[in-house]
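Observations on chain architecture
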Amino acid sequence: MGLRDATIDRERRDLVTHQVMDESRLIRFVAAPDGTVAPDLARKLPGRGLWVAADRASVETAVKKNLFSRAAKAPLKPSADLAETVETLLVRRVLDQLGLARREGVLISGFEKSAAAIRSGKAAWLIEAADGSADGRGKLLALAKHQSPAPKVCAAFTADDLSLALGLENAIHAVLLEGGRADRWTFEVERLAGFRPLTPPEWDRDAAEAPDGISDGRGSAP
């Protein structure tokens, strides 16, 4: 059973708003022996869970207002940069999932192969390097918008980030196919979305302005 499956129908109370939410929308923290607060993204660390909504503002508020100490009923000293630590850990988990997806054969890389995967209707996610070619990106975004349902889009990483995670050179375009791995990746990347935007807003304009059809593979990854 994956982490996403294990959290279905399980709810916790957010320390900041006191709203009861599904665990998939929250980050679990625990009190460390030295009195600091440790993120527990895998939800395996011992101790009482301290749950905060999975977004930067909520984590920062919990730190500033000393809400971890109140919830734990003990003096805790969370790091001032706790939100940045959570983001860093989430980035690592998301990129690790992509590496696993490639080894399992459910992640397609390269412009032409990505376009074919989108046309097949089996694409769960279109993953684009944030610093990749606007030409190739715009064409794939336009192609994705014509699918029903359209694949979700992530552009939260640079070409260097993707290349390292996938073990490729100059990874620009990739498609994550539907299935269990995509479900697990969705769970992780949606938590990351609370700490960094998944796509720049101007990309919608790029897709709208791109011509229909795909004529070449400029900017493609190997």
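Residues numbered from 1 in each chain as written. Predicted model: local features only at pLDDT ≥ 70, side-chain atom pairs only at ≥ 80, totals over all residues. Heavy atoms only, no water.

**A short note on the nonpolar core**
- Ranked by size, the top nonpolar core spans 46 residues in total, and within it Phe-29, Phe-68, Trp-125, Ile-127, Phe-157 and Trp-185 carry the most contacts.
- Counting residues per element, this core draws most heavily on helix 4 (residues 82-103), which supplies 9 residues.
- Counting residues in each nonpolar core, the second largest holds 11 residues, with Ala-123, Leu-126, Leu-140 and Val-175 among its members. (Core = buried A, V, L, I, M, F, W, Y, C linked by side-chain atoms within 4.5 Å. Buried < 20%, exposed > 50% of the residue type's maximum accessible area, 1.4 Å probe, protein only. Helix = DSSP H or I, 4+ residues; strand = E, 2+ residues; numbered from the N terminus.)

**Quick word on the sheet that holds strand 7 (residues 123-129)**
- Spatially, the 4 strands line up as an open sheet ordered 6-9-7-8, and their pairing is mixed. Edge positions in the sheet fall to strand 6 (107-109) and strand 8 (152-157), since each of these pairs with one other strand and no more. Geometrically, the sheet is characterised by an average inter-axis angle of 25° between neighbouring strands, direction not taken into account.
- Two elements, strand 7 and strand 8, share 4 bridges in a ladder whose sense is parallel. Along strand 8, the bridge assignment pairs Ile-127 with Cys-154.
- Across the sheet, helix 5 (residues 111-119) lies against strand 6, strand 7 and strand 9 (173-177), angled at about 35° from strand 9, the strand it touches most. (Pairing = 2+ DSSP bridges. Axes fitted to C-alpha atoms, helices over the stretch in contact; angles between N-to-C directions. Contact = heavy atoms within 4.5 Å.)

**Overview of the confidence of the model for the protein**
- Across the protein, the average pLDDT comes to 89, with 87% of residues at 70 or higher.
- Here residues 213-222 is modelled with pLDDT under 50, and outside its nearest four sequence neighbours on either side it reaches 37 contacts, counting other chains as well. (pLDDT = per-residue confidence, 0-100.)

**Side note on the packing of helix 4 against helix 7 (residues 159-166)**
- For the pair helix 4 and helix 7, interaxial distance at closest approach is 8 Å and the crossing angle is 50°. Looking at the two axes, helix 4 sits oblique to helix 7. The way helix 4 lies across helix 7 gives a crossing that is right-handed. Contacts between helix 4 and helix 7 involve Leu-95, Leu-98, Gly-99 and Arg-102 from the former and Asp-161, Leu-162, Ala-165 and Leu-166 from the latter. (Parallel < 35°, antiparallel > 145°, perpendicular 65-115°, else oblique. Left-handed = near helix turned anticlockwise from the far one by under 90°.)

**Here's the deal with the packing of helix 2 (residues 56-64) against helix 4**
- Interhelical geometry of helix 2 versus helix 4 gives an angle of 140° and a closest axis separation of 8 Å. By the criterion of interaxial angle, the relationship of helix 2 to helix 4 is oblique. Along the contact surface, helix 2 presents Arg-56, Val-59, Glu-60 and Val-63, while helix 4 presents Leu-82, Ala-83, Glu-84 and Glu-87.

**A short note on helix 5**
- For helix 5, the complete set of buried residues consists of Phe-111, Ser-114, Ala-115, Ala-117 and Ile-118. Viewed end-on, helix 5 has its buried residues packed into an arc of 160°, placing them on one side of the element.
- Against the buried residues of helix 5 lie strand 6, strand 7, helix 6 (134-145) and strand 9. (Arc of directions from axis to C-beta.)

**Focus: helix 2**
- Among all positions of helix 2, only Arg-56, Ser-58, Val-59, Ala-62 and Val-63 are buried.
- The inward-facing, buried residues of helix 2 abut strand 3 (26-31), strand 5 (50-53), helix 3 (67-72) and helix 4.

**Some details on the sheet that holds strand 5**
- Taken together, 3 strands build an open sheet; the order of strands is 4-3-5 and the sheet is antiparallel. Unpaired on one side and paired on the other, strand 4 (37-39) and strand 5 mark the two borders of the sheet. Taking each pair of neighbouring strands and ignoring which way they run, the sheet shows an average axis angle of 35°.
- Set on the sheet, helix 2 makes contact with strand 3 and strand 5; between it and strand 5 the angle comes to about 135°.
- Taken strand by strand, helix 4 contacts strand 3 and strand 4, and its axis lies near 25° from that of strand 4.

**Regarding the layout of surface pockets**
- The computed volume of the largest pocket comes to approximately 160 Å³.
- Around the largest pocket sit Arg-13, Asp-14, Leu-15, His-18, Arg-48, Gly-49, Leu-50, Trp-51, Leu-67, Arg-70 and Ala-71, which together line it.
- Of all the secondary-structure elements, those providing two or more residues to the lining of the largest pocket are strand 5 and helix 3.
- Among the elements that take part in the lining of the largest pocket, helix 3 stands out by supplying 3 residues, more than any other.
- Taken together, the residues of the lining of the largest pocket sort by class into 5 nonpolar, 2 polar and 4 charged. (1 Å grid on protein atoms, 1.4 Å probe; cavity = no way out; pocket = protein on both sides within 12 Å on 5 of 7 lines; lining within 4 Å. Points joined across faces, edges and corners; volume = space filled by probe spheres on them. Nonpolar A, V, L, I, M, F, W, Y, C, P; charged D, E, K, R; others polar.)

**Focus: the pairing of strand 5**
- The side-chain alternation of strand 5 yields two buried faces, one formed by Leu-50 and Val-52 and the other by Trp-51 and Ala-53.
- Looking at chain direction, strand 3 and strand 5 are connected through 4 bridges and run antiparallel. Bridged to Leu-26 within strand 5 is Ala-53.

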